[in-house]
Amino acid sequence: MDGGCTVEGYESDITRTFVFGKPTQRQRDIWNLERRSQDAGFDAAKVGAPCEAVDAAARKVLTDAGFGPDYKVPGLPHRTGHGIGLDGHEWTNFVRGKQNADSTGNVF
C-alpha cells in the first residue's frame with residue numbers, strides 16, 4: 001500500500017505491505033527477501049555514493065534470488081526510492097543512471 005499526506009507544506013510518501021489473515025510461508029519468504037534488499041540499499045546509501053549504487057545494491061539481492069531480469073523484478077519494478085520534502089517525489093531518485101551523490105541532510 002502506498003500513501004502519504006501533506007503537513008505544513010511538507011509531503012510524506014510511504015509504502016507498506018499488509019497481509020490479511022495469516023501469511024503463507026511464500027509470503028514470509030518474499031517479505032524477508034524484500035527486507036534483505038532494503039537493507040542492502042541502506043548499506044549502500046553513503047554520503048558521496050551515486051544514487052544508482054543504492055538501486056543496484058537493492059536490486060542485486062532480488063536478482064541473485066532468481067527474480068528479474070533487471071527492472072522486471074517483482075517488488076522493485078521502477079526505482080528503489082526517492083527523496084521526500086516539499087514535493088512528494090524530490091529530485092533524489094535511486095535508479096540506474098542517476099549519478100548525483102547522496103549528501104548529508106538528504107531525506108529519502
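Everything discussed here concerns the structure shown above.
Here the structure is a predicted model, which is why all the values come from computation and not from measurement.

Novice: How would you explain the environment of Pro 50 if you had to name every residue and give the values?
Specialist: Position of Pro 50 among the secondary structure elements: in the loop between helix H1 (25-44) and helix H2 (51-64). Its relative accessible area of 28% is what places Pro 50 among the partly exposed residues.

Novice: Which residues make up the packing of H1 against H2, and what are the values?
Specialist: Taken N-terminus to C-terminus, the directions of H1 and H2 make an angle of 155°; their axes are 8 Å apart at the nearest point. Considered as vectors, H1 and H2 are oriented roughly antiparallel to each other. As for the relative orientation of H1 and H2, their crossing is right-handed in sense. Within the contact between the two elements, H1 uses Leu 33, Glu 34, Arg 36, Ser 37, Ala 40, Gly 41 and Ala 44 and H2 uses Ala 53, Val 54, Ala 57, Ala 58, Arg 59, Val 61 and Leu 62.

Novice: Any chance you could break down the pattern of salt bridges for me, citing the residues and the numbers?
Specialist: Applying the stated criterion to the full structure yields 3 salt bridges. Linking Arg 35 and Asp 39 is a salt bridge whose minimum nitrogen-to-oxygen distance equals 3.1 Å. Pair noted here: Arg 35 and Asp 39 are both in helix H1, with a separation of 4 residues, about one helical turn. Look at Arg 35 and you get partly exposed, because its relative accessible area is 38%.

Novice: Which residues make up H1, and what values do they have?
Specialist: It helps to recall that an α-helix has 3.6 residues per turn; residues three or four apart then point in one direction. With 20 residues, H1 should reach 28 Å at 1.5 Å per residue; the first-to-last C-alpha distance of 29 Å fits that figure. Looking at H1, one finds that the buried residues are Leu 33, Ser 37, Ala 40, Gly 41 and Ala 44. Projection of H1 onto a plane perpendicular to its axis shows the buried side chains occupying an angular sector of 100°, all on one side. In this structure, H1 carries Gln 25 and Asp 43 as exposed residues pointing more than 90 degrees from its buried face. Check the buried side of H1 and you find it contacts H2.

Reading guide: rules and limits
- Residues numbered from 1 in each chain as written.
- Predicted model: local features only at pLDDT ≥ 70, side-chain atom pairs only at ≥ 80, totals over all residues.
- Heavy atoms only, no water.
- Helix = DSSP H or I, 4+ residues; strand = E, 2+ residues; numbered from the N terminus.
- Buried < 20%, exposed > 50% of the residue type's maximum accessible area, 1.4 Å probe, protein only.
- Axes fitted to C-alpha atoms, helices over the stretch in contact; angles between N-to-C directions.
- Parallel < 35°, antiparallel > 145°, perpendicular 65-115°, else oblique.
- Left-handed = near helix turned anticlockwise from the far one by under 90°.
- Contact = heavy atoms within 4.5 Å.
- Salt bridge = Lys/Arg side-chain N within 4 Å of Asp/Glu carboxyl O.
- Expected span 1.5 Å × (residues − 1).
- Arc of directions from axis to C-beta.

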